[in-house]
Amino acid sequence: MGFPHKKIGSLNKAAAASSLATRYPPIAQVFHWVTAILVLIAFLLAPEESEQQVYDPSGDFGRQLHETLGLAVLGLSVLRVLWLVVGTRPEPPEVARWMGIASKGVQGVLYLLLFAVPLTAITGAWLEGHPLTLLGGATIAPMITPSHPAGELITEIHTWLGNAILWVAGIHAFAALVHHYFLKDGVLVSMLPRWFYRRR
Ligand code: HEM
């Protein structure tokens, strides 16, 4: 027997019709996996040099790619939170109380980081007096008064949080594998498209 379907926001007909669904709706799965892939690529392509080198024209492409991916993560996260209000999800399985609390805690921290990582990057760059630079040459000029020392501090926080999100995502992925291989409760499968994984 799979999970019954749980409504996140207000009741609608689609939710009622899929009240016995065992998977997240396709749109929620797309949000989840595209976000995961973009965060991973943004992390792998993160500029590691000094401020002067990061903003040197020779580093334009790498920085623009990193900033574009990061802003896409922010945009997707906004859409994802809006979806949480109206969307549906399977009822979580019965687990030990501590496990339920830990799982909610990790997911909450991940949501916070999905906003904090890009927002600290934007604030730090603007306080340092740099525009956001996107692929294709588009730029977004600072919308706040520059203060270089504060910008350096916030940029440093961005690099810490950028590393932290990978650690927390790693814990989250490990927990999903524990559910799949040890608890065998279908939690991981609920986030996989039917064409990718069929329940036996
Ligand atoms: C979820 C998305 C993001 C992740 C995971 C991420 C991750 C990181 C990490 C780990 C670093 C530090 C690299 C190192 O020194 O080892 C970094 C640096 C940087 N990130 Fe991001 N970042 C994201 C989004 C953004 C966005 C939206 C911007 C746009 C302003 C941005 C701009 C920068 C810049 C300019 C640096 C270099 C900072 C410096 O040393 O001056 N990042 N990022």
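Reading guide: rules and limits
- Residues numbered from 1 in each chain as written.
- Predicted model: local features only at pLDDT ≥ 70, side-chain atom pairs only at ≥ 80, totals over all residues.
- Heavy atoms only, no water.
- UniProt positions renumbered as here; feature names shortened; annotations may be inferred.
- Helix = DSSP H or I, 4+ residues; strand = E, 2+ residues; numbered from the N terminus.
- Buried < 20%, exposed > 50% of the residue type's maximum accessible area, 1.4 Å probe, protein only.
- Axes fitted to C-alpha atoms, helices over the stretch in contact; angles between N-to-C directions.
- Left-handed = near helix turned anticlockwise from the far one by under 90°.
- Contact = heavy atoms within 4.5 Å.
- Nonpolar A, V, L, I, M, F, W, Y, C, P; charged D, E, K, R; others polar.
- Near = heavy atom within 4 Å.
- Polar contact = N/O pair within 3.5 Å; in protein donor to acceptor, adjacent residues only side chain to side chain.
- Salt bridge = Lys/Arg side-chain N within 4 Å of Asp/Glu carboxyl O.
- Donors = N, O, S within 2.8 Å, 3.2 Å for Na, K, Ca; no water.
- Tetrahedral: all angles 85-135°; square planar, octahedral: opposite > 155°, others 65-115°.
- Parallel < 35°, antiparallel > 145°, perpendicular 65-115°, else oblique.
- Patch = residues over 30% accessible without salt bridge, like charges linked within 9 Å, V, L, I, M, F, W, Y side chains within 5 Å.
- Areas by Shrake-Rupley, 256 points an atom, 1.4 Å probe, with all protein chains shown as cover.

Naming follows an unreviewed UniProt entry, where the chain appears as Cytochrome b of Massilia horti. Of the chain, the UniProt comment under Subcellular location (unreviewed entry) reads exactly: "Cell membrane". Note on the chain: under the UniProt heading Sequence similarities (unreviewed entry), the record states "Belongs to the cytochrome b561 family."

Before we go on, may I ask you to explain unusual backbone geometry in this structure?
Negative phi values dominate among residues other than glycine, just as trans dominates among peptide bonds. Phi at K184 takes a positive value of approximately 45°, unusual for a residue other than glycine. With respect to the element layout, K184 can be found in the segment after helix 6 (148-183). Residue class for K184 comes out exposed when judged on its relative accessible area of 64%.

What should I look at first to understand the packing of helix 4 (residues 60-86) against helix 5 (residues 97-127) in this one?
Two packed helices can be described by the angle between their axes and the distance between those axes. Two numbers describe how helix 4 lies on helix 5: the axes approach to 9 Å, and their chain directions differ by 140°. Note that helix 4 runs across helix 5; the crossing there is left-handed. Contact with helix 4, carried on its side by G70, L71, V73, L74, S77, V78, R80, V81 and L84, involves Y111, L114, F115, P118, L119 and I122 of helix 5 and no other residues of that element. In terms of residue class, the contact of helix 4 with helix 5 is made up of 12 nonpolar, 2 polar and 1 charged.

What is the right way to look at the site of the ligand in this model?
Taken together, 21 residues sit near the ligand, with Y55, H66, A121, T155 and H158 positioned nearest. Within the side chain of H66, one N or O atom sits 2.8 Å away from a nitrogen atom of the ligand. H158 places a polar side-chain atom, nitrogen or oxygen, 2.8 Å from a nitrogen atom of the ligand. At the level of secondary structure, the elements contributing two or more residues to the shell around the ligand comprise helix 2 (26-44), helix 4, helix 5 and helix 6. Residues that form the shell around the ligand fall into these classes: 11 nonpolar, 7 polar and 3 charged.

Sorry, what's going on with the pattern of salt bridges here?
Pairs may arise between side chains of opposite charge once their charged atoms sit close together. Enumeration over the complete set of coordinates arrives at 2 salt bridges. For the salt bridge of D60 with R63, the shortest nitrogen-to-oxygen distance reads 2.9 Å. Placement of the pair is D60 and R63 together in helix 4, with a separation of 3 residues, close to one helical turn. The shortest N-O distance in the salt bridge between E67 and R63 comes to 4.0 Å. Taken together, the residues span about one helical turn, with E67 and R63 both in helix 4 at a distance of 4 residues. Just as E67 is buried, R63 falls in that class too. Here the salt bridges share partners, and the residues they tie into one network are D60, R63 and E67.

Hey, could you run me through the coordination of the iron atom of the ligand in this one?
Each angle at a metal carrying four tetrahedral donors should ideally be 109.5 degrees, and each at a metal carrying six octahedral donors should ideally be 90 or 180 degrees. Protein-derived ligands of the iron atom of the ligand are H66 (NE2) and H158 (NE2), with the metal-ligand distances lying across 2.0 Å. For the iron atom of the ligand, the 6 donor atoms in the first shell make angles of 86 to 179° at the metal, so the coordination geometry reads as octahedral. Of this pair, H66 sits in helix 4 while H158 sits in helix 6; the two residues are 92 residues apart in sequence, bridging distant segments of the chain.

Can you walk me through the packing of helix 2 against helix 4 in this structure?
Closest axis-to-axis distance for the helix 2/helix 4 pair is 9 Å, and the angle between their directions is 155°. The angle between helix 2 and helix 4 places the two elements in the roughly antiparallel class. Two packed elements cross with a definite hand, and for helix 2 against helix 4 that hand is left-handed. Residues I27, A28, F31, H32, V34, T35, L38, V39, I41 and A42 of helix 2 pack against H66, L69, A72, V73, L76, L79, R80 and W83 of helix 4.

Even after reading the chapter, I still don't get a nonpolar patch on the surface, so can you show me in this structure?
Judged by side-chain polarity, W33, I37, L40, I41, F43, L44 and L45 come together as a nonpolar surface patch covering roughly 610 Å² of accessible area. The topology assignment puts I41 in helix 2. Classification of I41 as partly exposed rests on a relative accessible area of 34%.

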